[in-house]
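Commentary on secondary and tertiary structure
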Amino acid sequence: MDRYIEVTLKKRGVSCIARLLDDLAPKTCEAVWNALPQENDAYHAKYASNEVYTLVPSFAPSEIGMENPTVTPITGDLLYFFFPPGAVNVPSLREAAFSTGLVDLAIFYGRDNLILSPNMGLVPGNRFGEITENLEEMVEACMSVWREGFAGERLAFSRVE
């Protein structure tokens, strides 16, 4: 039985529905599902092109590792990245950033992405979901984050029961 999550850009009032890829990334999907809801400040990627993401304290009981990894996500992909303690410094999440590590939950809204960090090189993420409903409106909202800025925007992930 498929499981679905809702992804919302709160300030813009836009949501989409994504199917979890339990068959391709079972450990990642289970960890994300069990940790929902998750919400924090939204950011637009500097280097990966068409990506909006949020950072939250690590939530898996033990690190998942690579599962269905990609460095070239496409429109509608949801990715999970784990950054170990000290790898990423976010002032609002400083304690988690240096104790448990951070999880980056990302939505990709365009093609021709390459997840490349100037200080880490290629950064593969676990592809754990794909948007199945309201993709076009979410793409427009993500483009608005790029054009108009992400200040005050929140990215939320929740279960669809």
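Refer to the structure above for everything that follows.
Residue numbers run consecutively from 1 along every chain, following the written order of its sequence. The predicted origin of the model limits local features to residues at a pLDDT of at least 70 and limits the giving and counting of side-chain atom pairs to 80 or more, whereas totals for whole chains, interfaces and linings rest on all residues. Side-chain numbers come from the whole structure's heavy atoms, not from hydrogens or water.

**Description of the side chain of Arg127**
Defined as follows: Strands here are runs of E lasting at least two residues and helices are runs of H or I lasting at least four, both read from the DSSP assignment and numbered beginning at the N terminus. Note on exposure labels: buried denotes an accessible area under 20% of the residue type's maximum, exposed denotes more than 50%, and partly exposed covers the range between, all computed with a 1.4 Å probe on protein chains only. Each polar contact in these results corresponds to two N or O atoms within 3.5 Å; when the atoms are within protein, one needs to be able to donate a hydrogen and the other to accept it, and residues that are neighboring in sequence are counted only if both atoms are side-chain atoms. The contact definition used throughout considers only heavy atoms, calling two residues in contact when any of these lie within 4.5 Å.
Here Arg127 is to be found in strand 10 (residues 125–133). The class for Arg127 is buried, based on a relative accessible area of 18%. Within the structure, the side chain of Arg127 is placed 2.8 Å from the side chain of Asp77, a separation counted as a polar contact. Those residues within four positions of Arg127 in sequence are excluded, and the remaining contacts are Leu21, Leu24, Ala25, Glu67, Asn68, Thr70, Asp77, Leu78 and Leu79.

**Looking at the pattern of salt bridges**
Definition in use: Salt bridge, as used here: a side-chain nitrogen of Lys or Arg that lies within 4 Å of a carboxyl oxygen of Asp or Glu.
Applying the stated criterion across every chain yields a total of 10 salt bridges. Of the charged contacts in the structure, one is a salt bridge between Glu153 and Arg12, with a shortest N-O distance of 2.6 Å. Of this pair, Glu153 sits in the loop between helix 3 (135–148) and strand 11 (154–160) while Arg12 sits in the loop between strand 1 (4–9) and strand 2 (14–20), placing them 141 residues apart in sequence. Since its relative accessible area comes to 1%, Glu153 is described here as buried. The salt bridge involving Arg154 is made with Asp41; its shortest N-O contact spans 3.1 Å.

**Focus: the packing of aromatic side chains**
To keep things clear, this is the line we draw: Each Phe, Tyr or Trp ring (for Trp, its six-membered ring) is paired with any other whose centre lies within 6.5 Å, and the angle between the two planes then decides the class: stacked below 30 degrees, edge-to-face above 60, tilted in between.
Under the definition given, this model contains four aromatic pairs. Aromatic rings pair up to connect Tyr43, Tyr53 and Phe150 into one cluster.

**Describing unusual backbone geometry**
Comment: phi is negative for the bulk of residues other than glycine, and the bulk of peptide bonds are trans. The amide bond that connects Leu36 to the next residue, Pro37, takes the cis arrangement and shows omega of 5 degrees. Mapped onto the elements of the fold, Pro37 is located in the loop between helix 1 (26–35) and strand 3 (38–44). For Asn68, which is not a glycine, the phi torsion comes out positive at approximately 55 degrees. Despite not being glycine, Asp112 has its phi angle at roughly 60 degrees, a positive value. By the element assignment, Asp112 lies in the loop between strand 7 (102–108) and strand 8 (116–117). Look at Asp112 and you get exposed, because its relative accessible area is 75%.

**As for helix 3**
Quick reminder of the rule: Given the number of residues in a helix, its expected span is that number minus one, multiplied by 1.5 Å.
Relative to the 20 Å expected for 14 residues at 1.5 Å per residue, helix 3 spans 20 Å between its end C-alpha atoms, a close match to the ideal helical length. Those residues of helix 3 not exposed but buried are Met138, Val139, Ala141, Cys142, Ser144 and Val145. Each element contacted by the buried residues of helix 3 is listed here: strand 1, strand 2, strand 3, strand 4 (51–57) and strand 7. Gly149 lies just past helix 3 and shows a positive phi near 100 degrees.

**What to know about the layout of surface pockets**
Put simply, the rule is: Buried and open spaces are told apart on a 1 Å grid over the protein atoms alone, a cavity being a set of points where a 1.4 Å probe fits but cannot get out and a pocket being an open set with protein on both sides within 12 Å along at least five of seven lines. Residues with an atom within 4 Å of a point are the lining residues. Grid points are joined across faces, edges and corners, and a volume is the space filled by probe spheres set on the points. Note on residue categories: nonpolar means Ala, Val, Leu, Ile, Met, Phe, Trp, Tyr, Cys or Pro, charged means Asp, Glu, Lys or Arg, and polar means any other residue, Gly included.
The calculated volume of the largest pocket comes to roughly 660 Å³. Among the elements of the structure, strand 3, strand 4, strand 6 (77–83) and strand 8 are those that each provide at least two residues to the lining of the largest pocket. Per element, the largest residue contribution to the lining of the largest pocket is three residues, and it comes from strand 4. Within the lining of the largest pocket, the residues separate by chemical class into 18 nonpolar, four polar and three charged.

**Examining the environment of Met143**
Structurally, Met143 can be placed in helix 3. Along the sequence, Met143 and Ile115 sit 28 residues apart, while their C-alpha atoms lie 18 Å from each other.

**Concerning the side chain of Asn113**
With respect to the helices and strands, the residue Asn113 is situated in the loop between strand 7 and strand 8. Separated by 3.0 Å, the side chain of Asn113 and the backbone oxygen of Pro73 make a polar contact. Here the side chain of Asn113 touches Gly110 through a polar contact of 2.5 Å, landing on its backbone oxygen. Apart from the residues lying within four places of it in its own chain, the contact partners of Asn113 are Ala48, Ser49, Asn50, Val71, Thr72, Pro73, Ile74 and Phe108.

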